[in-house]
Amino acid sequence: MTLLSADGVGSLLNLSGVQSFSSPSYGYEGGGNGWRYSVIASTGGVVDLSGVGSITGARDDFSTDPNWIASRLRFRVETGGELRLPNLVQTDGRTLFEIRVPSYA
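Residues numbered from 1 in each chain as written. Predicted model: local features only at pLDDT ≥ 70, side-chain atom pairs only at ≥ 80, totals over all residues. Heavy atoms only, no water.

## Examining the sheet that holds strand β2 (residues 12–14)
- Within the open sheet, the three strands sit side by side as β2-β5-β8. Their pairing is parallel. Every other strand in the sheet has two partners, leaving β2 and β8 (82–84) as the edge strands with one partner each. Across the sheet, the axes of successive neighbouring strands diverge by a mean angle of 5°, strand direction being ignored.
- The pairing of strand β5 (residues 46–48) with β8 spans three bridges and is parallel. Residue Asp 48 lies in a different strand from β8, and its bridge partner there is Arg 84. (Pairing = 2+ DSSP bridges. Helix = DSSP H or I, 4+ residues; strand = E, 2+ residues; numbered from the N terminus. Axes fitted to C-alpha atoms, helices over the stretch in contact; angles between N-to-C directions.)

## Examining the sheet that holds strand β7 (residues 72–78)
- The parallel open sheet is built from four strands, whose spatial order is β1-β4-β7-β10. In the strand order of this sheet, the two ends are held by β1 (2–7) and β10 (95–100), each with one partner. Recorded for the sheet is a direction-independent mean angle of 15° between the axes of neighbouring strands.
- Bridge count between strand β4 (residues 36–42) and β7: seven bridges; the pairing is parallel. Residue pairing across strands places Tyr 37 opposite Leu 73, the latter belonging to β7.

## What to know about the nonpolar core
- Phe 21, Val 47, Leu 49, Ile 55, Phe 75 and Leu 83 are the most contacted members of the largest nonpolar core, which has 14 residues in total.
- Among the elements of the structure, β4 and β7 are those that each provide at least two residues to this core.
- Each residue touching Val 47, except ones within four places of it in the same chain, is listed here: Ser 5, Ala 6, Leu 13, Val 39, Ile 40, Ala 41, Glu 82, Leu 83 and Arg 84. (Core = buried A, V, L, I, M, F, W, Y, C linked by side-chain atoms within 4.5 Å. Buried < 20%, exposed > 50% of the residue type's maximum accessible area, 1.4 Å probe, protein only. Contact = heavy atoms within 4.5 Å.)

## Describing the packing of aromatic side chains
- Counted under the stated rule, the structure contains two aromatic pairs.
- Judged by centre distance (5.7 Å) and plane angle (65°), the rings of Phe 21 and Phe 75 are edge-to-face. You can see Phe 21 sitting in strand β3 (residues 20–22) and its partner Phe 75 sitting in strand β7, a full 54 residues away along the chain.
- Exposure remark for Phe 21: the relative accessible area of 12% places this residue in the buried category.
- Note on Phe 75: relative accessible area 0%, which makes it buried.
- With centroids separated by 5.3 Å and ring planes inclined at 15°, the aromatic side chains of Phe 75 and Phe 97 adopt a geometry described as stacked. Taken together, the residues Phe 75 in strand β7 and Phe 97 in strand β10 connect sequence positions 22 residues apart.
- Each residue in the set Phe 21, Phe 75 and Phe 97 is aromatic and connected to the rest through ring pairs, giving one cluster. (Phe/Tyr/Trp six-rings, centres within 6.5 Å; stacked < 30°, edge-to-face > 60°.)

Dropping the structure here:
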């Protein structure tokens, strides 16, 4: 599930005034994939979270169900996208950063 995205050259999602980011990313998906709540910057789009100092992802629960996989909050950069998080100093919970480009600075 996509929570936020910027897709395409010139697309800017400006949330630079946000100081912390928490996701309601918790759920049970019986297919064994878990829920992925995503923030995506792609194809030249920019997601500006430059004011964010802390991110709280999904709860880190445990289940004995063999089909259960924990949910996660995912930040993904692909195809020339840019995710601005220069002030990030802390993550908590299940938070995943996916960089799908050859190099990223």
